[in-house]
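Analysis of the macromolecular model
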Amino acid sequence: MHHDHGIHLRAVCKTFRGRGADVEALRDMNLDCAPGSFTALIGPSGCGKSTAMRIALGLEDYDSGDVRIAGQPPAAATAAGVTGVAFQDAALLPWRTVARNIALPLEVLGRDPAKYGHEIAKLIELVGLKGYENSLPGQLSGGMRQRVSIARSLITGPEVLFMDEPFGALDQIRRRQMNVELQRIWLESESTALLVTHGIDEAVFLADYVVVMHANPGRVIDIIEIPFERPRRNELYSAPEFHALCDKVAMVLHGE
Amino acid sequence: MANRARFLRTATARNLLILVLVWELVGRMDWIAGGALPGLSEILIRLWVDRGDYPSHIWATVHASILGFLIGNAVAVGAGVLFVLFPTLLRLTRGFNIAVFALPPIAIAPILVLTLSGMAPRITLAALGVYFVTMSATVVGLSQFDSRAADVVRAYGGKDWQVMRLVRLRGAVPDILSGLRIAAPNAVLGAILAEFGGGGRWGLGTYLLGSLGRGEPARLWGIGLVATLIAGLSYLVFAIISARTLGSTRSVTLNTAIPDAGGGTPGPLPVRLAIFAGAALLPFVLWWAFIRLSGVPDLIAKTPLGVVEYLFLSDTSHIARGKLLSALAETLPITAIGMIAGLGFAFLLAISARMFPGFIKTFMPVALVTQTMPLVALTPLLVLMLGRGTSVTLWITISVTFFPAFVLLVQGIQRVPQTVLDLPRAYGASAWKELRMVSIPAALPYLFAATRLTVPRALLGVMIAEWLATGTGLGNLLNQSRGYLDYGMIWTVAAVSVCLSVAFYYAILLIERRTLTRLGMQTVE
Ligand SMILES: Nc1ncnc2c1ncn2[C@@H]1O[C@H](COP(=O)(O)OP(=O)(O)O)[C@@H](O)[C@H]1O
Ligand SMILES: [Mg+2]
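Note that this is a predicted model, so its numbers are computed, not measured.

1. Digging into the site of ligand 1
All names here are of chain A. Around ligand 1, the neighbouring residues are Phe16, Val23, Ala25, Ser45, Gly46, Cys47, Gly48, Lys49, Ser50 and Thr51. At 2.7 Å, a backbone N or O of Gly46 approaches an oxygen atom of ligand 1. If ligand 1 stood free it would expose 560 Å²; the protein chains cover 66% of that surface. Put simply, the parts of the chain that give the shell around ligand 1 at least two residues each are strand 2 (22-33) and helix 1 (49-56). In terms of residues, the shell around ligand 1 owes the most to one element, helix 1, which gives 3 residues. Of the residues in the shell around ligand 1, the class split is 4 nonpolar, 5 polar and 1 charged.

Printed below as a string of structure tokens:
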């Protein structure tokens, strides 16, 4: 099963050794995201969600366990351009235009951005920023910047997509709009997606599986399957089944 | 808000006009030191009369400044990048960097003239003047990059050099530019001071010195005005460029990520000791290597060992030591008194800023302008006005410490949020109590920073005054030794003044750390 384009964390442990206190961020963390599935990772703040994702991206070492991204170790997978990533903050380079920000991963991977002109234009259209190709991040609103970062995460045509609270900085209304758009984009890309979030409704709306974590030490408590049909629409937010599942996630989350 | 700004601007313009008128009146009436301060119109007329002389002098100074500026900054930016990539290198070169920062340029001008030829001494001194400022600005700029953007690059397998190229270098541009802004007048100052040190027929410094003995105040003032204008213009150019680039570089949101704590792991004790020893030795090794490479004969160029021999091992050592010690006994007290007076005055004025906001607002632009003036290069003007006694030394020291300290302190206090300043008042505290509880503690870290910053300047100011005017102390010893071709003494004075400057710097740093740690405050750079 190690040769699919899924995400697999097996018994991963990670302790931050700082000055003074050590923080056990993850203990025996297990996570399996099947190829083409959408998984939401949810938990109280500080439970190790970001750490798990950073380990999967090769941004952080881990003490023990095994990590496979599309069948490869994290460093190999990211260097091969298999992954895409969007962080909580858009993290755009302020001196680059929208188009050139989207091209950044290509430059890092040593690909020629000039050959991707068509893809970049298509992604800009996909995230609804047509006409803003040559704007600087400082000229965009928070939501628009976040969409640039989503477009950037898709430019390499990733088989595995990581998102760490990509809409954390947006208000509730914009967030719901973005959730609908994200679902549409992801459905077209056919990638494996891992979304870190602390919004229960967001997790239930978007995911096939909601993985709930607890803190101290960070670990997976439960996995809840979300059976709703796709594409899911805004009406779902007011459906009773939706609320029932949200309540279930909340109960697990709060340890009942 | 716009109204206020306009009011301020008209107020500043009005004060400037009053200043010029008073200047003109005082100058015309020859009220100061029998005409040592001519009226502005007299200076301008003299400038016009001398207009044939200026182009060659200006060109010589500007030429050396520009070359020194380019070379010094290229080295500084390169060094900054290396230091950030290899922090150990930064620790290893700490002694060298501090020495470059703290060295009084006038002290090494003679040895540069001895070992190098043609324009090289001026270019070197100009380059040394810009190196430290730009290097620190580069290191700060490269260190304060957006870690989230770096994560994006690393998340695609990007290596350190890719993060450097794609995120850090461009992000450091505003910091480097603001470094260049401060460095530019330094280059002009360095070139002029090297001209004081001798060699060459052309240059504003040469012109200034040559005119000092001729008793032509209007010409001296004209030269001072031109030198100030050149330095000010160089500052302005980079101020404009940096204002233009700033907008597109600032991160649009606040980075809330935990800063990387593992940044500079010092390693085990033996390694730390080795690095420390290396840092202390490196300046001397470079000194030695510089002499070996320049190929100047041993008689003229002294290595560190040569200086030790001169001071302690030769037959005439006791005479040399005696001269040096009596010069130090003259120089150090006056430097200390001048610094304390300048800093104290700046401190008092800055903390009382809250009580006389109007005065500060009109005075601040004047203080800021002096920041770009090659103050110490204008020493001949003060000599002209105050004569050749000790008072001129004192005034020079006070003026070169007062202005930078005042600007730093006022800007420091301005960083305290208004709400914090208002809090004591809201509880009915008296003005004095408010001063004691808020303004003074807020200004303290900046007072220390200002002290560190002004030690080398104070020493430089005193030495120049001694060299040009009073005929006492280290500056005079240096000048005399040039006349007597006493090479050992020239090198000794240079080495001793640099070492003293560095020692003072560290002494203040130590006191600063102790005091601020006890008060639970942070040092400022
Ligand atoms: N670089 C780091 N150094 C030290 N501790 C860290 C670091 N990154 C995260 N931690 C700690 O690890 C724990 C998990 O953090 P994180 O994964 O960011 O949580 P989450 O994303 O779920 O809010 C927290 O207690 C946090 O303080
Ligand atoms: Mg997080």
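2. Considerations on the side chain of Arg148 of chain B
Among the structural elements, Arg148 of chain B can be located in helix 8 (residues 147-155). Its relative accessible area of 9% is what places Arg148 of chain B among the buried residues. Polar side-chain contacts of Arg148 of chain B include one of 3.1 Å to the side chain of Asp89 of chain A.

3. Considerations on helix 15 (residues 357-372) of chain B
An α-helix turns once every 3.6 residues. As a result, residues three or four positions apart point the same way. Residue and element names in this part refer to chain B. In this model helix 15 runs 24 Å from its N-terminal to its C-terminal C-alpha over 16 residues, within 8% of the 22 Å that 1.5 Å per residue would give. Along helix 15, the sharpest change in direction is near 30 degrees and occurs at Phe363; proline Pro365 comes one to four residues later. Among all positions of helix 15, only Ile360, Phe363, Met364, Ala367, Thr370 and Thr372 are buried.

4. Quick notes on the sheet that holds strand 1 (residues 7-17) of chain A
All names here are of chain A. Strand order across the open sheet formed by 3 strands is 2-1-4, with antiparallel pairing between neighbours. Only two strands of the sheet have a single neighbouring strand rather than two, namely strand 2 and strand 4 (64-69). Taken pair by pair, the neighbouring strands of this sheet meet at an average axis angle of 25 degrees, ignoring direction. Direction of pairing for strand 1 relative to strand 2: antiparallel, over a ladder of 8 bridges. Note that in strand 2 the partner of Phe16 across the bridge is Val23. Together, strand 1, strand 2 and strand 4 form the strand contacts of helix 1, whose direction differs from that of strand 1 by roughly 115 degrees.

Basis of the calculations
- Residues numbered from 1 in each chain as written.
- Chains lettered and ligands numbered in written order.
- Predicted model: local features only at pLDDT ≥ 70, side-chain atom pairs only at ≥ 80, totals over all residues.
- Heavy atoms only, no water.
- Near = heavy atom within 4 Å.
- Polar contact = N/O pair within 3.5 Å; in protein donor to acceptor, adjacent residues only side chain to side chain.
- Areas by Shrake-Rupley, 256 points an atom, 1.4 Å probe, with all protein chains shown as cover.
- Helix = DSSP H or I, 4+ residues; strand = E, 2+ residues; numbered from the N terminus.
- Nonpolar A, V, L, I, M, F, W, Y, C, P; charged D, E, K, R; others polar.
- Buried < 20%, exposed > 50% of the residue type's maximum accessible area, 1.4 Å probe, protein only.
- Expected span 1.5 Å × (residues − 1).
- Bend = angle between axes of the 7 residues up to and from the residue.
- Pairing = 2+ DSSP bridges.
- Axes fitted to C-alpha atoms, helices over the stretch in contact; angles between N-to-C directions.
- Contact = heavy atoms within 4.5 Å.

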